[in-house]
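Residue-level structure breakdown
Here is what each chain is made of, one letter per residue.
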Amino acid sequence: MGWLLLALMVVAIGLLVLAYFADDPRVDAVTDLMPPGSAVPQVLLQIWSHPDDETTISGTTVKYGSDPRCRQVACYFTAGEAGQPGIPPLCRQDELALVRRGEMAVAATLAGIDAHQIADFGDGQLSGHAPEQLEEQAVRWIRRYRPAVIITWDPSGASGHPDHIRTNQVVRAAFESAADADAFPRQIGEEGLEPHRTQRLFETVVPRRQVEIYRKRAFRGNTLALDDREQPTHALRVHGFARRRWRATRAHRTQCFSLVPFSAWYGWLILAAQRKEYFALTAEAPPK
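Here the structure is a predicted model, which means the values were calculated and not measured.

Definitions and limits used
Residues numbered from 1 in each chain as written. Predicted model: local features only at pLDDT ≥ 70, side-chain atom pairs only at ≥ 80, totals over all residues. Heavy atoms only, no water. Helix = DSSP H or I, 4+ residues; strand = E, 2+ residues; numbered from the N terminus. Buried < 20%, exposed > 50% of the residue type's maximum accessible area, 1.4 Å probe, protein only. Contact = heavy atoms within 4.5 Å. Pairing = 2+ DSSP bridges. Axes fitted to C-alpha atoms, helices over the stretch in contact; angles between N-to-C directions. Phe/Tyr/Trp six-rings, centres within 6.5 Å; stacked < 30°, edge-to-face > 60°. Parallel < 35°, antiparallel > 145°, perpendicular 65-115°, else oblique. Nonpolar A, V, L, I, M, F, W, Y, C, P; charged D, E, K, R; others polar. Lys, Arg positive; Asp, Glu negative; His and termini not counted. Salt bridge = Lys/Arg side-chain N within 4 Å of Asp/Glu carboxyl O. Polar contact = N/O pair within 3.5 Å; in protein donor to acceptor, adjacent residues only side chain to side chain.

The subject of this paragraph is the overall build of the protein chain. Per the secondary structure count, the protein chain includes 10 helices and 8 strands. For the protein chain, with 288 residues in total, the buried portion stands at 49%. Taking contacts inside the protein chain between residues at least 6 apart in sequence as the whole, the part at least 24 apart equals 82%.

Spatially, β1-β7-β8-β6-β5-β2-β3-β4 is the arrangement adopted by the 8 strands of the open sheet, whose pairing is mixed. Only two strands of the sheet have a single partner each, and these edge strands are β1 (29-30) and β4 (115-118). Contacting β2 (42-48), β5 (149-153), β6 (200-205) and β8 (276-284), helix α6 (residues 162-177) crosses the sheet at an angle of about 155 degrees to β5.

Scanning all chains against the criterion turns up 4 aromatic pairs. Their ring planes at 70 degrees and their centres at 5.9 Å tell us that F77 and F121 sit as a pair that is edge-to-face. On the criterion of sequence distance, the pair formed by F77 in the loop between β3 (70-76) and α3 (96-111) and F121 in the loop between β4 and α4 (131-145) is long-range, its members being 44 residues apart. By relative accessible area, F77 is classed as buried at 1%. The class of F121 is buried, set by a relative accessible area of 12%. With centroids separated by 5.2 Å and ring planes inclined at 50 degrees, the aromatic side chains of F77 and W141 adopt a geometry described as tilted. Here W141 lies in helix α4 and F77 lies in the loop between β3 and α3, a separation of 64 residues in the sequence.

Closest axis-to-axis distance for the α3/helix α9 (residues 242-250) pair is 8 Å, and the angle between their directions is 170 degrees. By the criterion of interaxial angle, the relationship of α3 to α9 is roughly antiparallel. For the pair formed by α3 and α9, the contact residues are A107, L110 and A111 on the first element and R244, R247 and A248 on the second. Tallied by class, residues from the contact of α3 with α9 come to 4 nonpolar, no polar and 2 charged.

Cis rather than trans, the peptide bond between I87 and P88 has omega equal to -5 degrees. Along the chain, P88 turns up in the loop between β3 and α3. Even without glycine at this site, D52 takes up a positive phi of about 100 degrees. Examined against the element boundaries, D52 turns out to sit in the loop between β2 and α2 (58-65). Despite not being glycine, R146 shows a phi value in the positive range, around 55 degrees. Relative to the helices and strands, R146 is located in the loop between α4 and β5. Accessibility expressed as a relative area gives 38% for R146, which makes it partly exposed.

Among the structural elements, K63 can be located in helix α2. One buried charged side chain, K63, makes no salt bridge at all; its nearest oppositely charged neighbour is D32, positioned 6.8 Å away. A polar contact of 3.4 Å, which involves the side chain of K63, links it to the backbone oxygen of T31. Dropping the residues within four chain positions of it, K63 is found in contact with T31, L236, R237 and F241.

Below is the structure:
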């Protein structure tokens, strides 16, 4: 009995520490990122670099996946074929793209993502493509799904990953050019798409108390990129979805938790301690 009480105390203290580092008290909490007064259902479009990037904001993804007012779409520039095939490996490296596409299909169902698309620009190779080529794809996604809100990485890419940083640059440009009929006109003339003005662009932001932790984990030591992080303007309340968040996160088996198979018993508690997710509103369309 004494050992059980001690274990419970350790868990409680651990959750309090996690909650402290996951909180940024300077930012007022909100319950919604969607603009008021729009048609229902509104579309929330997430644009990322790799399948599983949406788990960075797993609470937001599941929150809007459970909201009948919202239709949620996630789009990715790569299949993540340069990532880990699992620890221990769950597939060969040359099979990883196909496996991660399958994992994403499962995660989308569990998280309430209504549609998702995965392009094939090459994991780790986004910086090698002309920005206009990537922007054209992002504009196509925006014009096709016509979102009220877009969510993507901030300029730091959270971890300094070059693919994340390039995705931010491309989506910022696409936010403007998707509304311009003179931008990528073949999409309008040949693909049947129409210009679209998205109302809000949010970028996911690392909470202030976690910045130094992310510096220590910066992608290949790229700490300078983290100096470009945006400051949060919105803290979205996401409590109440921990178990569903955990199931959707664990669907990405090769990338997430194959090393710790028993984490299914406690991982959701870690997410339960993260009651808010942070965003910077970096672009907003003027009122009509």
